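# Fold and geometry: a report
Here is what each chain is made of, one letter per residue.
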Amino acid sequence: MTTLAIEHLTIGLPPGADRPFATEDVSFTIDKGQILCVVGESGSGKSMTANALMGLLPPGVTVKAGRALFQDQDVLRLPEPQKQALRGARIAMIFQEPMTALNPLMRIGDQITEVFAAHNLYSPAERRMRALTLVREVGLPDPEKIIRAYPFQLSGGQRQRAMIAMALALEPDLLIADEPTTALDVTTQAQILRLVLDLRDRRGMAVMFITHDFGVVAEIADTVIVMREGRVVERGAAAQVLGDPQHEYTRRLLDAIPTGRLPPARPKADTPALEIKGLRKIYRTGGGLFRPVREVRAVDDVSLTVGRGEVLGLVGESGSGKSTLGRTAVRLVTPDGGQVLVGGVDLAALSEQDLRAQRHKVQMVFQDPYASLNPRQRIMGALTDGPIQKGVPRAQAQARARDLLEIVGLGADAARRFPHEFSGGQRQRIGIARALAMDPDLIIADEAVSALDVSIQAQVLDLLRDLRDRLNLSILFITHDLRVAAQLCDRIAVMQKGKLVEIGTVHDIFLSPRQDYTRQLLAAVPGGGWAHDAGLPA
Amino acid sequence: MWKRFSSNRPALVGVVLLIAVIAVALLAPVLFPNGPWKMVQRPFLMPMAVDGLPLGTDTLGRDVAAQLAYGAQVSLLVGLVSTLVALLIGVPLGALAGFYGGYVDEGAMRFTEFFQTIPNFALAIVLVAIFEPTLASITLAIAIVSWPPVARLVRAEVMSVRRREFVDAARLAGLSKPRILLTQVLPNTVSPIIVMASLMVATAILLESSLSFLGLGDPNALSWGYMIGAARTVIRSAWWLSFFPGLAIIITVLALNLIGEGLNDALNPHLRQRGQKP
């Protein structure tokens, strides 16, 4: 039985946008109890389709043509009151960022009962009862306590569960999930995916699952449509699309995924580029006359070395202290104890004045390509400020900057432009060039590819691999994504709650992990089984 | 930027009005070579009653049109200069407080609060009363009462920009802190400062008019506020003496506010949502 049928949906963008239509002639159907994955990169129009269904299109964006038949009603043409009755009751939606989708000032329980209240259902006592049942159903721990908690008191995964509980409150026939696991850690993501599958089986809902991650698709999809620039380029059963993609774009996307295929081991370096010994960083918050100080051991007695010409991957979930470790290694954060030795100099012990003279030895590539470049400074300035400060003559620094822009694949004339003229992937290349401009002993890449689309991510990883080989770079590569780490790194260090859990070569970690936590992380990688079926160790 | 600004019709109206006011102020000596103080006809002439005196004469038989034109000079001058002085005090103080934090921040902000706890206008009156009421002292007094919001704004902006990753990158490049503040942080706080400054000019003009109305103006400079103040006693018999300067103040302040709003929309496109792609 068909729950939702979208026919020839065309959504128009306001004049002046980069293309006339957000989606063009999109058609698909979802049957009862089926999970349809809509896959595409950012800007492919996948979220717009969902927003149109829910009547949540931003101002200026309008449905130009097509129908969306939900139980034989065209939801796009319904008057607003009827749409409102449909939303939540028959069609529910969950979002990427549960913190912004939940009301921060309302308790979880009240937010769920509000859904009933909005549709005038049940008595207050019964609403509370049902809220409790739902909280239990989505697997939140300690339900009685949770319904009295505020959103900020929950973790990301718990918030997403609470969102799902709200979405399920009125037993919808269709659940739209817009990248619901993108902001979550791998292990949490795996749990949420299992929950969605579980609920589908138990309630027989139809699910429209929007994602950019083919690993997620492999985990849960029954059918798949692949979207590109507003058009459906490929559709079919999950196994067929993943196993035997017909369209060239799908094949490119699949090729771009870090599969966990292990590169051949490279000879191990002997001389260390970076030595970290017994590093500790404790964050203290709160504390007053009557309250104890809260201590978070972000980095707890960690020692590791990165050899010259080696890429060490630092893997862990959010809150594991991996970013703090990276920021301590460049001394953006001053540690509470331990040593950071670069070329024999302890960066952790230098005074602010001496530090500035040593800064160039360790450079960083940041996560957010949009925040890491000064929007009011030309690229040339961003690339030459540091070297000139170091004492390189201006002309020489500028020539080097142009060379570097060539090396990272942007071309020398990029130097005269401003950051906003570049895309995310290009900005990340600029970030890499900026780090290289200082001729550092070590580069720290903090989630440097996490914010990028898969195909762009693959290109930047290729660039890093190329640079590693050509310039014999030493890199500390911080990531939450084991698949990415496997592509680039020689050795991998796994962190959990500020402690170093395991460190070893990529082959050791992936093929014979010694610690439970490492095994858990590996098992949680979405699409692991699928990659395995394809004959790849993952 | 300019394209976005010029697509905003109210802002363009503001620009046209302001240009008109500035033109009148600049052309005053050409249009009225006799100056504003000279008696030209008998007092209390209605507007249009006599050729050559379109706005009539005041209690002493002086040309109201000439007074308006010269008043524009005073109002604009005081408004612009006092805003500049306020920026010169507020921007560095706010930037230092926001960038260095800690004791610097505490000190600077307590100092700012000291000024904020006293009502603006009362402080301005006291300051002008203590000094001789000259144009310079009035300008200074207005600047002294209007810089605290600037310091607050700049502090908040600097604090938020300081946490962006490109500032970390600049630190890694080995740039010194003052240099990071000047070349990386401050350029990114310019837009809200420009918007605020355009609105401050309007407030300053109002403040100056209020002071002059109370008789605390510079006796040698004829301003719009002074005209209204002098005409107060005859407002029922000679309405035009207070009406036209009042209108001039309204038009100028309105023009500046429209421009400020327009700049705000043009410089902070994120705040504009209607008809925009998210």
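Residues numbered from 1 in each chain as written. Chains lettered and ligands numbered in written order. Predicted model: local features only at pLDDT ≥ 70, side-chain atom pairs only at ≥ 80, totals over all residues.

### Describing the overall build of chain A
- Per the secondary structure count, chain A includes 21 helices and 20 strands.
- Taken over C-alpha atoms, the radius of gyration comes to 25 Å for chain A, in line with the 24 Å a tight globule of 538 residues would show.
- The C-alpha extent of chain A, read off along each of the three principal axes, is 70 × 60 × 45 Å.
- Considering chain A as a whole, with its 538 residues, one finds that 48% of them fall into the buried category.
- Taking the contacts inside chain A whose residues are at least 6 apart along the sequence as the reference set, 69% of them involve residues at least 24 apart. (Helix = DSSP H or I, 4+ residues; strand = E, 2+ residues; numbered from the N terminus. Rg over C-alpha atoms; globule rule 2.2 N^0.38 Å. Buried ≥ 20, exposed ≤ 12 C-beta atoms within 10 Å, placed from the backbone. Contact = placed C-beta atoms within 7 Å.)

### Section: the overall build of chain B
- Helix and strand counts for chain B stand at 11 helices and 0 strands.
- Start at the N end of chain B and walk to the C end: the helices and strands fall as α-α-α-α-α-α-α-α-α-α-α.
- Overall, the C-alpha framework of chain B stretches about 75 × 50 × 30 Å when taken along its three principal axes.
- By residue count, 46% of the 278 residues in chain B fall in the buried class.
- Long-range pairs, those at least 24 residues apart, make up 69% of the contacts in chain B between residues at least 6 apart in sequence.

### Some remarks on the environment of glycine 12 of chain A
Residue and element names in this part refer to chain A.
- Structurally, glycine 12 can be placed in strand S1 (residues 2–12).
- We classify glycine 12 as partly exposed; it has 18 C-beta atoms within 10 Å.
- Sequence spacing of glycine 12 and valine 63 is 51 residues, and the spatial spacing of their C-alpha atoms is 6.1 Å.
- Excluding its chain neighbours within four sequence positions, the residues that come into contact with glycine 12 are Pro20, Phe21, Val61, Thr62 and Lys64.

### Looking at the interface of chain A and chain B
- Taken together, the contacts link 27 residues of chain A with 21 residues of chain B.
- Of all the secondary structure elements, the ones that give two or more residues to the side of chain A that touches chain B are strand S16 (362–365) and helix H14 (379–390) of chain A.
- If you tally residues by element for the side of chain A that touches chain B, the top one is H14 of chain A, at 4 residues.
- A per-class count over the side of chain A that touches chain B returns 13 nonpolar, 7 polar and 7 charged. (Nonpolar A, V, L, I, M, F, W, Y, C, P; charged D, E, K, R; others polar.)

### Notes on unusual backbone geometry
- A positive phi is found at glutamate 447 of chain A, a non-glycine position, where the angle reads about 50°.
- Of note, phenylalanine 44 of chain B is a non-glycine position whose phi angle comes to about 55°, a positive value.
- Note on placement: phenylalanine 44 of chain B falls in the loop between helix H2 (9–31) and helix H3 (64–100).

### Brief notes about the packing of H3 of chain B against helix H4 (residues 102–116) of chain B
All names here are of chain B.
- Remark: H3 packs on H4, axes separated minimally by 7 Å, with the N-to-C direction vectors making an angle of 145°. Here H3 and H4 pass one another in a crossing that is left-handed. Residue-level inspection shows Leu93, Leu96, Ala97 and Tyr100 of H3 in contact with H4, the latter providing Gly102, Val104, Asp105, Ala108 and Met109.
- Within the contact of H3 with H4, the residues separate by chemical class into 7 nonpolar, 1 polar and 1 charged. (Axes fitted to C-alpha atoms, helices over the stretch in contact; angles between N-to-C directions. Left-handed = near helix turned anticlockwise from the far one by under 90°.)

### Topic: the nonpolar core
- Ranked by size, the top nonpolar core spans 237 residues in total, and within it Ala165, Leu174, Phe209, Val217, Ile444, Leu476 and Phe477 of chain A carry the most contacts.
- No other element matches the 18 residues that H3 of chain B contributes to this core.
- Ignoring sequence-local partners within four residues, the contact set of leucine 174 of chain A consists of Thr3, Leu4, Ile30, Phe70, Arg90, Ile91, Met205, Ala206 and Met208 of chain A. (Core = buried A, V, L, I, M, F, W, Y, C linked by C-beta atoms within 7 Å.)

### Overview of the packing of helix H7 (residues 165–172) of chain B against helix H8 (residues 177–185) of chain B
Residue and element names in this part refer to chain B.
- Axis separation between H7 and H8 bottoms out at 11 Å; the angle between their running directions is 140°. One finds that H7 runs oblique with respect to H8. Relative to H8, H7 is oriented so that their crossing is right-handed. Within the contact between the two elements, H7 uses Phe166, Val167, Ala170 and Arg171 and H8 uses Ile180, Gln184 and Val185.
- The class makeup of the residues in the contact of H7 with H8 is 5 nonpolar, 1 polar and 1 charged. (Parallel < 35°, antiparallel > 145°, perpendicular 65-115°, else oblique.)

### Quick word on the UniProt feature "domain: ABC transmembrane type-1" (unreviewed entry) in chain B
- The positions UniProt marks with the feature "domain: ABC transmembrane type-1" (unreviewed entry) are residues 72–260 of chain B.
- Segment residues 72–260 of chain B splits into 81% helix and 0% strand. End C-alpha atoms: 20 Å apart. (UniProt positions renumbered as here; feature names shortened; annotations may be inferred.)

### Comments concerning the pairing of S16 of chain A
Residues and elements named next belong to chain A.
- Of the two faces of S16, the one lined by Val362 and Met364 and the one lined by Gln363 and Val365 are each fully buried.
- Relative to strand S17 (residues 442–446), S16 is paired through 4 bridges, and the arrangement is parallel. By the bridge assignment, methionine 364 is partnered in S17 with isoleucine 444. (Pairing = 2+ DSSP bridges.)

### Describing the UniProt feature "transmembrane region" (unreviewed entry) in chain B
Residue and element names in this part refer to chain B.
- In the numbering used here, UniProt assigns the "transmembrane region" (unreviewed entry) feature to residues 12–32, 76–100, 121–145, 193–217 and 238–259.
- Helix makes up 95% of residues 12–32 and strand 0%. Its end C-alpha atoms lie 29 Å apart.
- Secondary structure across residues 238–259 divides into 91% helix and 0% strand, with the first and last C-alpha atoms of the span separated by 33 Å.

### Focus: the confidence of the model for chain B
Residues and elements named next belong to chain B.
- Overall, the predicted model of chain B reaches an average pLDDT of 88, with 96% of residues at or above 70.
- Predicted confidence is poor over residues 272–278, with pLDDT under 50, and the contacts of this stretch with residues over four places away or in other chains come to 13 contacts.
- With a pTM of 0.79, the predicted complex shows an ipTM of 0.78. (pLDDT = per-residue confidence, 0-100.)

### Some remarks on the sheet that holds strand S2 (residues 21–31) of chain A
Residue and element names in this part refer to chain A.
- Sheet architecture is open: 4 strands sit in the order S2-S1-S4-S5, paired in antiparallel fashion. For this open sheet the edge positions go to S2 and strand S5 (73–74), each flanked by a neighbour on one side alone.
- Here strand S4 (residues 62–70) pairs with S5 via 2 bridges, running antiparallel. Across the sheet, leucine 69 pairs through a bridge with aspartate 74, a residue of S5.

### Some words on the pairing of strand S14 (residues 337–342) of chain A
All names here are of chain A.
- Direction of pairing for S14 relative to strand S15 (residues 345–346): antiparallel, over a ladder of 2 bridges. Residue pairing in the sheet places leucine 341 in a bridge with aspartate 346 of S15.
- Where S14 folds back on S15, the antiparallel hairpin that results is connected by 2 residues, among which glycine 343 adopts a positive phi of roughly 55°.

### Considering the UniProt feature "domain: ABC transporter" (unreviewed entry) in chain A
- Here, UniProt's "domain: ABC transporter" (unreviewed entry) annotation points to residues 4–254 and 274–522 of chain A.
- As annotated, residues 4–254 of chain A has a helix share of 40% and a strand share of 25%, and its two end C-alpha atoms lie 28 Å apart.

### Details of the sheet that holds S16 of chain A
Residues and elements named next belong to chain A.
- Here 6 strands make up an open sheet; going across it, the order is S16-S17-S18-S13-S19-S20 and the pairing mixed. A strand with exactly one partner marks an edge of an open sheet, and here the two such strands are S16 and strand S20 (499–505). On average, each strand axis in the sheet is inclined to that of its neighbour by 20°, with strand direction left out of account.
- As defined by bridge partners, strand S19 (residues 491–496) adjoins S20 across 6 bridges and the pair is classed as antiparallel. Each residue of the ladder has a partner; that of valine 494, found in S20, is glutamate 502.
- Against the sheet, helix H12 (residues 322–329) contacts strand S13 (311–315), S16, S17, strand S18 (475–479) and S19, and its axis sits at roughly 150° relative to S18.

### Some details on helix H10 (residues 224–231) of chain B
- Burial analysis of H10 of chain B places 8 of its 8 residues in the buried class, the great majority of the element.
- Those residues of H10 of chain B that are buried are in contact with H3, helix H9 (190–213) and helix H11 (240–267) of chain B.

### Things to note about the environment of alanine 485 of chain A
Residues and elements named next belong to chain A.
- Among the structural elements, alanine 485 can be located in helix H18 (residues 482–488).
- Classification of alanine 485 as buried rests on a count of 26 C-beta atoms within 10 Å.
- Sequence separation of alanine 485 and valine 311 is 174 residues, and the distance between their C-alpha atoms is 9.5 Å.
- For alanine 485, the residues in contact, after removing those within four places along its chain, are Gly313, Val315, Phe477, Thr479 and Ile492.

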